[in-house]
Number of protein chains: 2
Amino acid sequence: MISRPPRPRERGIPEATVARLPVYLRALQALQERGTATVSSEALAGAAGVNSAKLRKDLSHLGSYGTRGVGYEVEYLVYQISRELGLTQDWSVAIVGIGNLGRALANYGGFGTRGFRIAALLDADPDVVGRTVASLSVRHIDNLEEVVRDKGVSIGVIATPAGSAQGVASRFVEAGVTSVLNFAPVVLNVPDGVDVRKVDLSIELQILAFHAQRRADGDGRDAERAGLEVT
Amino acid sequence: MISRPPRPRERGIPEATVARLPVYLRALQALQERGTATVSSEALAGAAGVNSAKLRKDLSHLGSYGTRGVGYEVEYLVYQISRELGLTQDWSVAIVGIGNLGRALANYGGFGTRGFRIAALLDADPDVVGRTVASLSVRHIDNLEEVVRDKGVSIGVIATPAGSAQGVASRFVEAGVTSVLNFAPVVLNVPDGVDVRKVDLSIELQILAFHAQRRADGDGRDAERAGLEVT
DNA sequence: ACGTGCTTGTGAAAGCACGCACAAAGTGGG
DNA sequence: CCCACTTTGTGCGTGCTTTCACAAGCACGT
Ligand SMILES: NC(=O)c1ccc[n+]([C@@H]2O[C@H](COP(=O)([O-])OP(=O)(O)OC[C@H]3O[C@@H](n4cnc5c(N)ncnc54)[C@H](O)[C@@H]3O)[C@@H](O)[C@H]2O)c1
Ligand SMILES: NC(=O)c1ccc[n+]([C@@H]2O[C@H](COP(=O)([O-])OP(=O)(O)OC[C@H]3O[C@@H](n4cnc5c(N)ncnc54)[C@H](O)[C@@H]3O)[C@@H](O)[C@H]2O)c1
């Protein structure tokens, strides 16, 4: 009865699950490179640093891709997760702010391997504009709209100082970019329908400091509320 | 195996709150620089990009530091949050892996202003060891234990390639470092009591891609399921 | 054909997190 | 001194997340 009409249209994957899928994907790709054909939820959960029940529930949101008594076929699962995450298509990325961080990002080779193509680098500094970074010539920020259009940029990365970030974000939005990754330590204001994620190293350090202090405080006695763990 | 019957349910600020305190702190410091003396939960919440009820509840975990009818005294609140986060003391940070990213981190000035002092840079590459980066001479990774001891390092930052990250993490732990910030795209295995946080740019991009794809899929018709927001 | 053993997929329970809405508490004017 | 107004602190309902625990499903050997 249950024919095999693949049900890829499961709307509504929990946000928490979405955030873990990339982790599973990476673990699966590592297994794949090692030639592993199938993997159990227990083993994959171990590699991803999560509880196995959570892993199974997460995967169940994509469909029933496992085989009871056996586990999951690695290659098939890699494909399914990639498809769900939208990695079967290419995404064009523009980085604005080619300073310390922007250069590091541009030179990082780990993006291209996962469907993300760095299409353009932009900066406001005349000394930086025109220089070649990671085989790309840095364009002036004034060309943002043109670059977005011509290169089909769909993801904008902001690596400018905090003071310039909101302006850059607004221009991205104006140009039609609806996905933004922000490294500047400011809260960006964007209209509905635009997805902004931030990476803030200072905040990470402060969270670590909080836990470290707590550990030091309640020392000796009940220091067990200590570590979160793993990643 | 590790069952923990006794629930350590004592003094506890929710994890979600801890993650937002640094955001409030930054907003408060911006107000402080502008000379603002007091601020309402509504105004501060706006600056931090959160709901005002959430802000008030978060702050209530630290104590009753507001005045009804008036708001919060900026300076006092800055102090209280700083103290809670452990920023009234200095934290010594060591960065391992002085490549693209490690150099950007070392050159970033935004840490020192918040109680974090970059105390040492370490690398394994003979070409990198001995060079001066951000006024620090890069030490060889073999000196990790010595450096941790002599500089009182309490936070370790890992910016090495993925393959080296676990080894570096283990050495950090062995040397007594219980807080680790990991940029390498691997799940680190550490003993209980060690706090690891990860920053993974690829994951952020993949989450953006997921939402972007969803937006593109259900276009035109019900595109309202669209953007989150965050910052 | 059928039992054995292993692993998935998922109800159900428990725990968190969020945000509304409002009483309590403080300010300032009259 | 009292009243009108403002803003905090929080009780409570709602929905999301995590985890447990186990029936159902599949492979394989007999
Ligand atoms: N470097 C790090 O490790 C690090 C760590 C945490 C956060 N950050 C944040 O990342 C951002 C960048 O850091 P950085 O160290 O690379 O800074 P940086 O000063 O080295 O580089 C900033 C670059 O942005 C360019 N720029 C400034 N205004 C611009 C505009 N309006 N349009 C286009 N380009 C503009 C500048 O010309 C410069 O090249 C900052 O917001 C910083 O707070 C950096
Ligand atoms: N550059 C980026 O923007 C970026 C973005 C996302 C993730 N990452 C991750 O950050 C890490 C570093 O990236 P990168 O671009 O700086 O790489 P990189 O190759 O430029 O630098 C890595 C450095 O680590 C050193 N190293 C290697 N093994 C070591 C060891 N065992 N002990 C000490 N040092 C060692 C190398 O000598 C090198 O200097 C990688 O894991 C990468 O995946 C980087």
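Residues numbered from 1 in each chain as written. Chains lettered and ligands numbered in written order. Predicted model: local features only at pLDDT ≥ 70, side-chain atom pairs only at ≥ 80, totals over all residues. Heavy atoms only, no water.

Participant: Mind showing me how you'd approach the site of ligand 2 here?
Facilitator: What surrounds ligand 2 is a group of 22 residues, the closest being A:Y108, B:L101, B:D123, B:A159 and B:T160. Chains contributing residues near ligand 2 are chains A and B. Take B:A124: an N or O atom from its main chain is 3.2 Å from a nitrogen atom of ligand 2. At the level of secondary structure, the elements contributing two or more residues to the shell around ligand 2 comprise α5 (100-107) of chain A together with α5 (100-107) and α7 (162-174) of chain B. Here the shell around ligand 2 is built from residues that sort into 15 nonpolar, five polar and two charged. (Near = heavy atom within 4 Å. Polar contact = N/O pair within 3.5 Å; in protein donor to acceptor, adjacent residues only side chain to side chain. Helix = DSSP H or I, 4+ residues; strand = E, 2+ residues; numbered from the N terminus. Nonpolar A, V, L, I, M, F, W, Y, C, P; charged D, E, K, R; others polar.)

Participant: Could you clarify how one ought to interpret the protein's contact with DNA strand C in this entry?
Facilitator: Taken together, 26 residues lie around DNA strand C, and A:S41, A:R56, A:Y72, B:K57 and B:R68 are the ones closest in. Backbone atoms, meaning sugar plus phosphate, form 67% of the atoms of DNA strand C positioned within 4 Å of the protein. One of the backbone N or O atoms of A:S41 is found 2.5 Å from a phosphate oxygen in DNA strand C. The backbone of A:G69 places a nitrogen or oxygen atom 2.9 Å from a sugar or linking oxygen of DNA strand C. At the level of elements, α3 (52-60), β2 (66-67) and β3 (71-73) of chain A together with α1 (15-33) and α3 (52-60) of chain B are the ones that each hand at least two residues to the surface near DNA strand C. Among the residues forming the surface near DNA strand C, the class breakdown is seven nonpolar, ten polar and nine charged.

Participant: When you look at the sheet that holds strand β5 (residues 116-123) of chain B in this model, what are you seeing that I'm missing?
Facilitator: Sheets are built from strands that pair by backbone hydrogen bonding, the pairs being arranged parallel or antiparallel. Residues and elements named next belong to chain B. Pairing within the open sheet is parallel, and its six strands lie in the order β8-β5-β4-β9-β10-β11. For this open sheet the edge positions go to β8 (139-140) and β11 (195-198), each flanked by a neighbour on one side alone. Bridging between β5 and β8 involves two bridges; their strand directions are parallel. What sits directly across from D123, in β8, is H140. (Pairing = 2+ DSSP bridges.)

Participant: Would you mind showing me how to read the interface of chain B and chain A here?
Facilitator: It is common to give the size of an interface as the accessible area lost on bringing the parts into contact. At the junction of the two partners, chain B supplies 74 residues and chain A supplies 72 residues. In this assembly, chain B packs against chain A so that about 6,800 Å² is buried in total across both faces, 61% of it on carbon and sulfur atoms. Our count for the contact surface shared by chain B and chain A stands at six salt bridges. Of the charged contacts, one joins A:R197 and B:E204 as a salt bridge, the two residues approaching to 2.4 Å between their closest N and O atoms. The interface formed by chain B and chain A holds 15 residue pairs in polar contact (both at pLDDT 80 or more) in total. (Contact = heavy atoms within 4.5 Å. Buried area = accessible area lost by both parts, 1.4 Å probe. Salt bridge = Lys/Arg side-chain N within 4 Å of Asp/Glu carboxyl O.)

Participant: Is there a simple way to explain the domain arrangement of chain A in this structure?
Facilitator: For chain A, the assigned domains are domain 1 (15-85), domain 2 (91-199) and domain 3 (206-231). One C-alpha centre belongs to domain 1 of chain A, the other to domain 2 of chain A, and the line joining them spans 31 Å. (Domains from an automatic or database assignment.)

Participant: Could you clarify how one ought to interpret the side chain of B:D58 in this entry?
Facilitator: All names here are of chain B. Within the secondary structure layout, D58 lies in helix α3. Overall, D58 belongs to the buried group, its relative accessible area being 3%. A distance of 2.5 Å separates a polar atom in the side chain of D58 from a polar atom in the side chain of Y24. Those residues in contact with D58 that sit more than four places away from it in its chain are T17, R20 and Y24. (Buried < 20%, exposed > 50% of the residue type's maximum accessible area, 1.4 Å probe, protein only.)

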